[in-house]
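Per-entry structural report
Listed below, chain by chain, are the residues.
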Amino acid sequence: AYEWAGFEQKCRERFERTAKSRKQLAEEVCLVFNHVLRQHRHVEEQMLALELIPATALLSAEPLLQWDDRRFASEFFEVHMANQFAEYVAAHKPDRGPNKDTRRQAAACPSMHSANDEDNISRLVVSEVRKHLSGALHFDLQDGATQLPTVDAILEAMRRLNEEVQVEESRFLSQIGIRLKGGVVAFLNSAHLCLRHSLLDSLAKAEVDRAEHQWKTLQSHRDQTEQEFISLVRGRTSDAGYSKMLASSFFDVLAREWLDETLVAVAADIRAQCLSDMPDASGAVERAFQQSFVERSWEDVLQYVLDVNAYLHKIFASLFEDRKVSITRAQRPLLAARLGSYLDALIGAFRSWGQRQQGGRAKLSSLQAALRQLAAQSRTDMGGLPDGQLDLSLLSERFPVVADFEIEDPSRFAQDFSLHIAALLGGAQVEGLVAERLDAALQKQQAQVWALIKGCSGMCPCCGSKCDRVDKHTVHRCGHHLLPAFNGWRVAGTCEAALDACKSFKNHDAPKRSDYSDHLYPNLQEYLQAEHPEWLPFPKEDRELLADSVLKAAWVNCRVPLLHRYDMVDCTPAEWIAAYEEPHRKLGIHSIEAAETCLLQYGYRPDGA
């Protein structure tokens, strides 16, 4: 105990010497951020407004996202256009909520001036700004990373934050009559300070996790050595303690370490199959459109138009689950059998060694040597290592690190070892162990694959279809524009469902109501310029076309719940209904609720939630 205490103390001292303090991390963060800023501030206009921040300022400042709403509002926002803001406040009364139903209504909203603008900004504006900028204000490290990101990664994060702030100011704040106090400079600097703080917190957490992992590893070695020592002391007159200790260590090495490594390959196989079906975001979006609209699955169409990102996530989860079931159904018993075969081979090798050593004492190292000879002999006999054949070198390579103790009765030792392995094998329920480890490996792979194929989350403000660009971009594009009515758009004045195709001349020329107030833009171009510039230039057909047969059929059979949801007047042409309606398959008025329930677990949030 005294020796271990001294060893642990030295380890703690070494951990403390090698661990980076929060101050050191802050200095590193500021050093690289300031370096990037110096390199680009004279080239990129928005970088010019950013200040060089010292580590002391980073450590002492409270990050923006931790401010309370009232401080946030009073520090950065002020009413610029009172009537516009009054309209926004009126449209977001608690009994109405900022949902799509409300913002598509054509009824005029009476202007009103709030007596307490700061309260309304705090209540209605700050939360939206937090939500919109949250992703750009966080700088998370990859799992297991403890080092600073590359200069390119930091530059990309800074540019992204600049773009998001610019979009927020032009697309949201200015549209509701709010402006940044004193311009964008103060807010932009606070936002970048928050970004640095986020990276600092991630690095500090990584340091803590690293130290905890090192300490747990040390404690594990201590416990193992302590058990070994106790076993040695208690087993002076018998080999029983040695055999039990070695059996436990061997089982842990094979049933956990080797199994985890093997399962990673199985999970990677499922990952590869999923990526072959959905190689990138563009392919995933195409699959979503085909599976819903083209295959005339009306329930899927309804889910697609409610939230295409959640629907795509659902498709991916289903695909991954199908691949997982098909592979694990075959692999799970094979892995369990392979693990059992390794343990059987280990028991057989122990018994053979015990018989050869019968009648005399033997060192444990002679057993490891016997395992190496067995592996070499197996390779020679098989002429190599055929596919599916056990690689017996694993048994010698994974031999537990223990003292080279002397065994008095090798034959009895081998027998006791066999009994202990059998007991461990029976108690662990190998198939259950394989299933548990495999599920953990697959969950990690599933999250990684989804991150690769989910793509851009941008949705067309007119028809709700998903951006399918796979490159880094600031301008969105999608290959399957729908009917605006699918996204709740109505004809101003008549409240009829907007059935002109999204890219048609008629839709381009039709008035569009603001997302944030009852202001009516004269056409699509002006609406997008004011509120969704990232979707410009917007495609336009060279001739006036209504929807193709795929969209017509989808609208005819899904229109009832959508008309009810968005309070639209049905103006579906009679010839559409005659050609495409499926009386026994068309959706009923309450289908929306079922579709929303199905999407909730995939990130869908009902309007106003």
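See the structure printed just above.
Nothing here was measured: the structure is a model prediction, and the numbers come from that model.

What counts and what doesn't
Residues numbered from 1 in each chain as written. Predicted model: local features only at pLDDT ≥ 70, side-chain atom pairs only at ≥ 80, totals over all residues. Heavy atoms only, no water. Helix = DSSP H or I, 4+ residues; strand = E, 2+ residues; numbered from the N terminus. Buried < 20%, exposed > 50% of the residue type's maximum accessible area, 1.4 Å probe, protein only. Contact = heavy atoms within 4.5 Å. Areas by Shrake-Rupley, 256 points an atom, 1.4 Å probe, with all protein chains shown as cover. Axes fitted to C-alpha atoms, helices over the stretch in contact; angles between N-to-C directions. Parallel < 35°, antiparallel > 145°, perpendicular 65-115°, else oblique. Nonpolar A, V, L, I, M, F, W, Y, C, P; charged D, E, K, R; others polar. Core = buried A, V, L, I, M, F, W, Y, C linked by side-chain atoms within 4.5 Å. Arc of directions from axis to C-beta. Polar contact = N/O pair within 3.5 Å; in protein donor to acceptor, adjacent residues only side chain to side chain. Salt bridge = Lys/Arg side-chain N within 4 Å of Asp/Glu carboxyl O.

Examining the overall build of the protein
For the protein, the count of helices and strands is 23 helices and six strands. The buried share of the protein, taken over its 609 residues, is 45%. If you take every contact in the protein between residues at least 6 apart in sequence, the share linking residues at least 24 apart comes to 76%. On the protein, roughly 30200 Å² of surface is accessible, and the fraction owed to carbon and sulfur atoms is 50%.

Notes on the packing of helix H12 (residues 281–294) against helix H14 (residues 308–356)
Axis separation between H12 and H14 bottoms out at 10 Å; the angle between their running directions is 90°. Looking at the two axes, H12 sits roughly perpendicular to H14. Between H12, through Ala284, Val285, Arg287, Ala288, Gln291 and Ser292, and H14, the contact on the second element is made entirely by Tyr311, Leu312, Ile315 and Leu319. For the contact of H12 with H14, the residue count by class is seven nonpolar, two polar and one charged.

A look at the nonpolar core
With 112 residues, the main nonpolar core has Leu246, Phe293, Phe486, Trp555 and Leu562 as its most contacted residues. A per-element tally of this core places H14 first, with 20 residues. Grouped together as the second largest cluster of nonpolar side chains are 55 residues, Cys30, Phe77, Phe139 and Ile154 included.

Remarks on helix H5 (residues 69–76)
Of all the positions in H5, only Phe72, Ala73 and Phe76 are classed as buried. One face of H5 carries all of its buried residues, which in axial projection span an arc of 100°. A side-chain oxygen of the first residue of H5 lies 3.1 Å from the backbone nitrogen of arginine 70; this N-cap is aspartate 68.

Some remarks on the pattern of salt bridges
The tally for this structure, following the rule as stated, stands at 20 salt bridges. In this structure, arginine 559 engages glutamate 581 in a salt bridge whose closest nitrogen and oxygen atoms are separated by 3.4 Å. Here the residue arginine 559 occupies a position in helix H21 (residues 549–566), and glutamate 581 occupies one in the loop between helix H22 (574–580) and helix H23 (591–599), the gap between them amounting to 22 residues. Under the relative-accessibility criterion, arginine 559 is labelled buried at 9%. Classification of glutamate 581 as partly exposed rests on a relative accessible area of 24%. Here the salt bridges share partners, and the residues they tie into one network are Arg559, Asp570, Glu581 and Lys586.

The analysis is restricted to geometry; functional conclusions fall outside its scope.
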